[in-house]
Amino acid sequence: MSKENIKISKPEVKTYWILWDSELQENIEAQGFVNTDQTFEILYTDNLITYIDEDEWLEVLFKNNINPYY
Amino acid sequence: MGWGKIYESTWWGSLIINGWGGAYFNLSNGSGGGGISYSEELDFVWEAPTISGSLNRTVQSYGATNYTVDWGDGTIDTNLSGNATHTYTSSSSNSSINIKMSGDLSNLGGCLYDFRSQISSINSFGTSIEWKALEGGSFNRGALYQAPLITSIPFASLKLAPISEQTGNKVRFDTFARYSTGLTSIDFTGFDSSRVVGIINPFRDANVTSITFDANQNFSSIGLEGQGFIYLSNYHLSPTAQMTTEQYDSFLLALASTAPLNGIRVTVNCGSVQYSETGAISRATLIANNYNITDGGQI
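Below you will find a few notes about this structure. Position numbers for residues start from 1 in each chain and track the written sequence from start to end. Lettering for chains starts from A, numbering for ligands starts from 1, and both go in the order in which the items are written. For a predicted model such as this one, the threshold for reporting local features is a pLDDT of at least 70, and the threshold for listing and counting side-chain atom pairs is 80 or more; totals across whole chains, interfaces and linings nevertheless cover every residue.

## Re the overall build of chain B
Note the following rule: Under the scheme used here, helices are H or I runs from DSSP no shorter than 4 residues and strands are E runs no shorter than 2 residues, and both carry numbers assigned from the N terminus. Think of it as a crowd count around each C-beta: if 20 or more other C-beta atoms lie within 10 Å the residue is buried, if 12 or fewer it is exposed, and in between it is partly exposed, with C-beta placed from the backbone throughout. Residue pairs qualify as contacts under a 7 Å threshold applied to their C-beta atoms, which are placed from the backbone.
Across its full length, chain B carries four helices and 14 strands. Every one of the 299 residues in chain B was classed for burial, and the buried ones make up 48%. Taking the contacts inside chain B whose residues are at least 6 apart along the sequence as the reference set, 80% of them involve residues at least 24 apart.

## Let's talk about helix α4 (residues 277–288) of chain B
Three or four residues apart is the spacing at which side chains of an α-helix point the same way, because the helix has 3.6 residues per turn. All names here are of chain B. The test is simple: An expected span of 1.5 Å times one less than the residue number is assigned to each helix. To obtain the arc, one takes the directions from the helix axis to the C-beta atoms.
Taking 1.5 Å as the rise per residue, α4 with twelve residues should run 16 Å; its terminal C-alpha atoms sit 17 Å apart, in good agreement. If you check which residues of α4 are buried, you get Gly-279, Arg-283 and Leu-286. What you see down the axis of α4 is that its buried residues fit within an arc of 55°, all on one side. Those residues of α4 that are exposed and angled more than 90 degrees off the buried face are Glu-277 and Ile-281. Downstream of α4 by one or two residues, Asn-290 has phi in the positive range, about 75°.

## A word on the sheet that holds strand β2 (residues 15–20) of chain A
The pairing of strands in a sheet comes from backbone hydrogen bonds and takes either a parallel or an antiparallel form. Residues and elements named next belong to chain A. The criterion, for reference: Here, any two strands with at least 2 DSSP bridges between them count as paired. Structural elements are reduced to axes, namely lines fitted to C-alpha atoms, with helices fitted over the stretch in contact, and the angle between N-to-C directions of any two is expressed from 0 to 180 degrees.
The three strands lie next to each other as β3-β2-β5, forming an open sheet whose pairing is antiparallel. Edge strands, defined here as strands with exactly one partner in the open sheet, are β3 (28–34) and β5 (48–51). The sheet shows a mean angle of 15° between the axes of neighbouring strands, direction not considered. Helix α1 (residues 54–63) rests against β2, β3 and β5 of the sheet, and its axis sits at about 25° to β2.

## Considering the sheet that holds strand β13 (residues 266–269) of chain B
Read from one edge to the other, the open sheet built from four strands follows the order β1(A)-β4(A)-β14(B)-β13(B), with strand pairing classed as mixed. Bordering the open sheet on either side are β1 (6–9) of chain A together with β13 of chain B, each of which pairs with just one other strand. Between one strand and the next, the sheet's axes are offset by a mean angle of 10°, whatever the strand orientation. Examined bridge by bridge, strand β4 (residues 39–42) of chain A and strand β14 (residues 291–295) of chain B share three bridges and lie antiparallel to one another. Counted as the bridge partner of Phe-40 of chain A is Thr-294 of chain B from β14 of chain B. Sitting on the sheet, α4 of chain B is in contact with β4 of chain A together with β14 of chain B, with an inclination near 135° to β14 of chain B.

See the structure below:
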């Protein structure tokens, strides 16, 4: 039985996310953030990591040569 | 659309996603934008300001050793090596100057940087030039970053070097035409996308409401970040107008009807606009096909 979609709906604080291509976390497949007035939805995955600390999120992205605010 | 003709409900031709709900196929031949032939030179129009005294403009060559610049005022410099600076003399009024460059140029951003804020049109990116990098100039911005007078981009004339020959940050579409506020539609028809290695926010803060691509162009599979081409947000669609629920429902339907549904990861961010029951099925279809969607949720 397939698991339900992951949904982050109108979080209390801005929530950042990174989707890795696998549990090995070698390649970032996608990334973004969810504002408090937004809803984010994605198929169930074990490879989605969320952050509420923007710096922590940015640190991971920068290490992978990604500037989300480009 | 800049060329070709769009027919509704025809299943061949190029896929078109219209940000405001249209879903069409473009019947142009897909091999250069409906048969338009483009110049072999980089060819663009610079809206020169009134010049009091003199005004210098520089081409940043990024190592080019043999290239030619027709500065558009009667001066043609050939066999150039390294950066080239030209001095435009005083003029009593604004004037449209047609500038052309050719030769072993490699960095598009470096060629356009000094002009781009006043470039009104790109006639051709130069079909004989294989660009090794698109970003250049100060801050390594996209080639047409903050080019507000541009209304269209002739991607069919843009040729990229093989990935192994690309330089710097390689050929990425990051911020390619960000803040180019005159840009309302993007047409990738006829563009060979296979050599693009990354795409982030190419048209953010522009006013793009319509995107066209060939059926065989799967930008969503490109990119180190996997963000893909269809990375839409309110900013990408329109920085000034939030979609209504009705428009967003139509947009979701258009996307689900025309965009690749092959399991490739696609990120869509539509701000806080809400969808209704009408758009819910389309949205669910997209998510089931590996789209991740951020929006305002269902009303």
